[in-house]
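Residue-level structural notes
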Amino acid sequence: TEPSHGAMVPTLKGYACQRRTPLQHHNALLTDALLVLAENAEFCEDEGRSVAFRRAGAVLKALPQAVHKMEDLQGVPCLGGHSQRVIKEILEDGTSREVEMVLQSEQYQAMKALTNIFGVGVKTADRWFREGLRLPSDALNSGHKLNHAQQAGLQYYDDLNTPVTKAEADSIGQIVEEAVQAVLPGAEITLTGGFRRGKPTGHDVDFLITHPEEGKEEGLMPKVVSWLEARGLLLYQKTNINSYLEATDGPARPPHNMDRFERCFSIFRLERPRASPEQHPQAVGEEQPQERGSPLGRRASESPGWKAVRVDLVVSPVSQFAFALLGWTGSQLFERDLRRWAGQEKRMSLSSHALYDSTQNRYLRPCSEAEIFALLGLEFIPPSERNA
Ligand code: TTP
Ligand code: MN
Ligand code: MN
Ligand code: MN
């Protein structure tokens with residue numbers, strides 16, 4: 001006989017890649033709270049706890065209704081004791097004391113501000129915090145040696161922490177399209193990341209580039225970067241060459257967090273649409289210098305006619321395109337669970353480059369996202385429902 005589940009959700013599955021997770025959901029109060037605890041665990045370099053809180057939040061995003069009482073969660077997977085206590089407290093009191101304490105804590109606030117600097121990860125932020133730094137401006141004034149990414153991160157801190165709109169993403173897309181066609185006619189670009197999942201805003205814009213003829217894409221990135229730089233469109237870029245080799249990066253090695261595609265982490269200089277004279281008389285025709293005096297705390301009235309926008313460009317050989325597309329569409333938890341599902345449930349190894357079947361001891365060669373889901377024994381989940 002069927003086990004008796006809560007009336008609300010008879011069949012939520014345990015892996016995010018088995019569930020449909022739309023962007024809009026019904027439990028934001030709970031998921032926001034769990035996200036704070038996940039971030040805080042990450043700041044304490046406790047990856048396991050961080051993933052546990054993220055999983056708990058992700059499963060609540062897949063529920064078809066708002067949770068009102070703990071009984072609504074009967075049969076819902078991925079909720080550990082700690083997450084359940086937090087949820088219960090919020091359902092009863094409206095807030096969680098633990099979450100409120102974290103939000104008030106000096107460590108959380110400083111780590112949040114410091115990791116919001118492009119080029120600063122948890123390790124660097126934690127070292128700076130222990131050395132007494134609290135604000136991004138402290139990193140400028142402390143005499144710490146900053147690498148190029150961090151210098152750019154501080155210089156454009158405000159812009160880079162202002163969400164990128166879909167309209168801005170589309171403008172960047174037109175520029176990238178023009179650059180790519182100029183250096184390799186016939187190449188194809190695809191918007192990936194959060195915007196492909198239907199998000200209205202993002203922290204960056206992600207593009208995947210390929211060419212229908214295998215091999216034609218090799219060495220494309222430096223040419224695209226040169227084209228963009230010659231036009232003054234890049235404020236920062238770091239290009240990595242493709243280092244993927246099936247023989248050495250294949251089944252023998254554990255799946256990497258980072259893939260090995262030819263890629264470019266960049267900051268674009270995006271012209272703002274011209275304001276109409278009635279709305280902003282002083283903004284029209286005013287030439288703005290490229291260098292800004294003070295990188296932090298710039299007031300809106302000083303806003304120049306352009307915005308710094310983080311852009312990730314990735315080049316994939318067409319033979320790996322389906323894997324790259326699936327891997328770069330996210331969400332990050334959806335990707336993590338796809339790989340975990342492949343390994344734990346199917347004895348397969350999935351990366352952004354390939355799918356290896358350990359039972360048959362061979363690579364599988366799907367040509368589309370749909371074929372990858374099918375080979376993994378999963379129902380196809382469209383990008384708009386991968387928002388775990
Ligand atoms: P992000 O751009 O970090 O995230 P996002 O686009 O989902 O959301 P946001 O609006 O915050 O930008 O990553 C996009 C996807 O790219 C994510 O699923 C993981 C993948 N990815 C890799 O495969 N390799 C990498 O090195 C990085 C940084 C991301
Ligand atoms: Mn993104
Ligand atoms: Mn992100
Ligand atoms: Mn990205």
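Residues numbered from 1 in each chain as written. Chains lettered and ligands numbered in written order. Predicted model: local features only at pLDDT ≥ 70, side-chain atom pairs only at ≥ 80, totals over all residues. Heavy atoms only, no water.

1. Thoughts on the overall build of the protein
- Broken down by element type, the protein carries 16 helices and ten strands.
- Evaluated residue by residue, the protein yields a buried proportion of 46% over its 388 residues.
- Of the contacts made within the protein by residues no fewer than 6 positions apart, 69% connect residues no fewer than 24 positions apart.
- As displayed, the protein offers around 19500 Å² of accessible surface, 51% of which is attributable to carbon and sulfur atoms. (Helix = DSSP H or I, 4+ residues; strand = E, 2+ residues; numbered from the N terminus. Buried < 20%, exposed > 50% of the residue type's maximum accessible area, 1.4 Å probe, protein only. Contact = heavy atoms within 4.5 Å. Areas by Shrake-Rupley, 256 points an atom, 1.4 Å probe, with all protein chains shown as cover.)

2. Quick look at the coordination of the manganese ion (ligand 2)
- Every protein donor of the manganese ion (ligand 2) is listed here as Asp204 (OD) and Asp206 (OD), and their distances to the metal cover 2.0 to 2.1 Å.
- In this structure, the manganese ion (ligand 2) lies 5.3 Å away from the manganese ion (ligand 3). Like aspartate 206, aspartate 204 is buried. (Donors = N, O, S within 2.8 Å, 3.2 Å for Na, K, Ca; no water.)

3. Observations concerning the sheet that holds strand 2 (residues 188-191)
- Sheet architecture is open: five strands sit in the order 2-4-7-6-5, paired in mixed fashion. Each of the sheet's edge strands pairs with one partner strand only, and the pair in question is strand 2 and strand 5 (234-240). Going across the sheet, the axis of each strand differs from the next one's by a mean of 25°, ignoring polarity.
- The pairing of strand 2 with strand 4 (residues 205-210) spans four bridges and is classified as antiparallel. Bridge pairing in strand 4 links isoleucine 189 to isoleucine 209.
- Against the sheet, helix 10 (residues 166-183) makes contact with strand 2, strand 4, strand 6 (262-271) and strand 7 (306-315), and its axis sits at roughly 120° relative to strand 6, the strand it touches most.
- Across the sheet, helix 14 (residues 321-329) touches strand 2, strand 4, strand 6 and strand 7, and the angle it forms with strand 4 is around 180°. (Pairing = 2+ DSSP bridges. Axes fitted to C-alpha atoms, helices over the stretch in contact; angles between N-to-C directions.)

4. Some points on empty space enclosed by the protein
- The full count for this structure, using the stated rule, is one cavity of 30 Å³ or more.
- Roughly 40 Å³ of volume is contained in the largest cavity.
- Taken together, Phe323, Leu326, Gly327, Glu335, Arg339, Leu350, Ser351 and Ser352 make up the lining of the largest cavity.
- Among the elements that line the lining of the largest cavity, the one with the most residues is helix 14, at three residues.
- Tallied by class, residues from the lining of the largest cavity come to three nonpolar, three polar and two charged. (1 Å grid on protein atoms, 1.4 Å probe; cavity = no way out; pocket = protein on both sides within 12 Å on 5 of 7 lines; lining within 4 Å. Points joined across faces, edges and corners; volume = space filled by probe spheres on them. Nonpolar A, V, L, I, M, F, W, Y, C, P; charged D, E, K, R; others polar.)

5. A short note on the site of ligand 1
- The immediate surroundings of ligand 1 are formed by 17 residues, with Gly194, Lys199, His203, Asp204 and Gly330 found nearest.
- In this structure, an oxygen atom belonging to ligand 1 sits 2.8 Å away from a side-chain N or O atom of lysine 199.
- Here aspartate 204 contributes a side-chain N or O atom positioned 2.7 Å from an oxygen atom of ligand 1.
- Taken by itself ligand 1 offers 600 Å² of open surface, and the protein chains cover 82% of this.
- Of all elements in the fold, only helix 11 (193-196), helix 14 and helix 15 (332-346) reach the threshold of two or more residues within the shell around ligand 1.
- Its residues assigned to classes, the shell around ligand 1 shows two nonpolar, eight polar and seven charged. (Near = heavy atom within 4 Å. Polar contact = N/O pair within 3.5 Å; in protein donor to acceptor, adjacent residues only side chain to side chain.)

6. A look at helix 8 (residues 148-155)
- When we look at burial in helix 8, the residues that qualify are Ala149, Gln150, Ala152, Gly153 and Leu154.
- Buried residues in helix 8 make contact with helix 6 (122-130), helix 7 (136-141), helix 9 (157-160), strand 5 and strand 6.
- Looking at where helix 8 begins, the residue whose side-chain oxygen comes 3.1 Å from the main-chain nitrogen of alanine 149 is asparagine 147.

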